[in-house]
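# Descriptive analysis of the structure
Spelled out, the chains give:
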Amino acid sequence: MNQPGNGGSHQVLIIDDEKSIVESLSSILREEGFSVFSARDGKEGLALFEHVKPRVVLLDVWMPEMDGLDVLRHIRKKDSDAVIIVISGHGTISTAVEAVKMGATDFLEKPLSIEKVLEVISRSLAGKGNGKNRRDALKIEVPTGLEVCKQKTLAKSIVVYGVGLHSGVKTGMILLPMPADTGIVFEHVPDGERIPAFIDYVFSSGFASSIKGRDCAVRTVEHLLATCHMYGLTNLLIKVSEEVPIFDGSAIDLCLKIEEAGVVEQDAGIEPLKVTERVAVPNLPEGKYLSVEPATELIIDYTLSYPKPVGVQRYQFSGGKERFVTDIAPARTFGFLKDFEKLEKMGLGSGGRISNVIILNDDNVINTKLRFEDEFVRHKVLDLLGDLYLLSRPVVGKVLAKGTGHLENIALVKELKRVFYKN
């Protein structure tokens, strides 16, 4: 067992059976002012934890005899407040989700980035995402000005499971509080690449909105971003693999999870994008249009015209979180059976199941009972709310839409950025 380092303000216990990792982490953390202890297996780590009662534990998952998740379970029984950061050389989103669900504060993948280790420790010690990062691994420029609203983050982490709509893969997702001015950022597991939820990173917008970084991509982000938009969440780290879970095809499960975790205001403000002149998507096919014009609040007026059994539906949404939760969030993804068959041939849509999408044939809904008579157009509003939030700030204006989808939504967002973001 190692003795304390240079007497820093926080004690860190490293439990890992890889000598090189223990030595390099110990050296760097001591340079940063931490008192460092280390153990090479789970049993030794538990004994040292009892003796030292450290503020932070860096815990490897894969160790002989007693794995990291067992150690995590024992530590949490003894101490509900310690910061426990699980690390793994074979990271998957299921491991990360399971670790956080069991009480881990965060999850890191090997090979470890020292910058990220220090950032996660600093953020975790700050508590509730209101502190400042020791190092800013990634930061989105957040516009501020005279007409601002408070930035917000979660009061605590959220863990969710689900299936990817297009991949069909069982997946999970962890939403972590972040400090002010961070923005909403996705972190790909296991690669660790971070991708801002910003229009510049959008790479696919046909059947869903997806973002891509240098090497990794995250698909189907629109329902999550719509929920963040309506709850005013501006700073989050979202750990996920290749696709955000579809849940039941709507955003209501996300709303319930956010309500359970709670939302906290932060000291910094963010200036909404206030539309001051009409902006329209040019050169759309006949029968489609999409524009936004000045208004005193966010309004979406959407007209949907589909073949039977959908027909023509129109819905106007305005108001805030409460109306979103009752009237928009429950509206589910929908599609015609023949379209899902085409998607399957393209290698997409394999996660679409009886329980998480509305499936139609030429005459009827064939797999479920509608939650609203006009559920289809309400879901289009949900998608649009999510795509608009790829501007990384709330929007104030009236959107007029007819027959449009993600492709046109993204075109509008690009136009808004071109007109209202000054380089």
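Further up the page is the structure itself.
Since the model is a prediction, treat every value here as computed from it, not as a measurement. (Residues numbered from 1 in each chain as written. Predicted model: local features only at pLDDT ≥ 70, side-chain atom pairs only at ≥ 80, totals over all residues. Heavy atoms only, no water.)

Let's shift gears to the pairing of strand β5 (residues 106-109). Burial of the side chains of β5 extends over both faces: Asp106 and Leu108 are buried on one face and Phe107 and Glu109 on the other. Sheet topology places strand β4 (residues 83-88) next to β5; four bridges connect them, and they run parallel. Following the sheet pairing, serine 88 is matched in β5 by glutamate 109. (Buried < 20%, exposed > 50% of the residue type's maximum accessible area, 1.4 Å probe, protein only. Helix = DSSP H or I, 4+ residues; strand = E, 2+ residues; numbered from the N terminus. Pairing = 2+ DSSP bridges.)

The subject of this paragraph is helix α10 (residues 375-388). An ideal rise of 1.5 Å per residue puts 20 Å on 14 residues; α10 measures up with 20 Å between its terminal C-alpha atoms. Taking burial as the measure, the 14 residues of α10 include 14 buried ones, the bulk of the element. (Expected span 1.5 Å × (residues − 1).)

Turning our attention to helix α2 (residues 42-52). Every α-helical turn comprises 3.6 residues, leaving residues that sit three or four positions apart pointing alike. Buried within α2 are the following residues: Gly42, Gly45, Leu46, Leu48, Phe49 and Val52. The arc that holds the buried residues of α2, viewed along the axis, is 165 degrees, so those residues lie on one side. What points out from α2, more than 90 degrees from its buried face, is the exposed set Lys43 and His51. Contact partners of the buried residues in α2: β1 (11-15), β2 (35-39), β3 (56-60) and α3 (68-78). One side-chain oxygen at the N-terminal end of α2 lies 3.2 Å from the backbone nitrogen of lysine 43; it belongs to aspartate 41. Of the residues trailing α2, lysine 53 is marked for its positive phi of about 55 degrees. (Arc of directions from axis to C-beta. Contact = heavy atoms within 4.5 Å. Polar contact = N/O pair within 3.5 Å; in protein donor to acceptor, adjacent residues only side chain to side chain.)

This model, assessed by the stated rule, comprises 23 salt bridges. Taking the shortest distance from any N to any O, the salt bridge between aspartate 60 and lysine 110 comes out at 3.3 Å. One end of the pair, aspartate 60, is in strand β3; the other, lysine 110, is in the loop between β5 and α5 (114-126), with 50 residues separating them in the sequence. Each of the two residues, aspartate 60 as well as lysine 110, counts as buried. Taking the shortest distance from any N to any O, the salt bridge between glutamate 187 and arginine 194 comes out at 2.7 Å. A single burial state applies to glutamate 187 and to arginine 194, both of which are buried. (Salt bridge = Lys/Arg side-chain N within 4 Å of Asp/Glu carboxyl O.)

Let us look at the environment of isoleucine 238. Mapping isoleucine 238 onto the fold places it in strand β14 (residues 236-240). With a relative accessible area of 0%, isoleucine 238 lands in the buried category. In this structure isoleucine 238 touches Met173, Ile174, Leu175, Ile184, Val185, Phe186, Glu187 and Leu224, once residues within four positions along its chain are discounted.

Just geometry here; none of it tells us what the structure is for.
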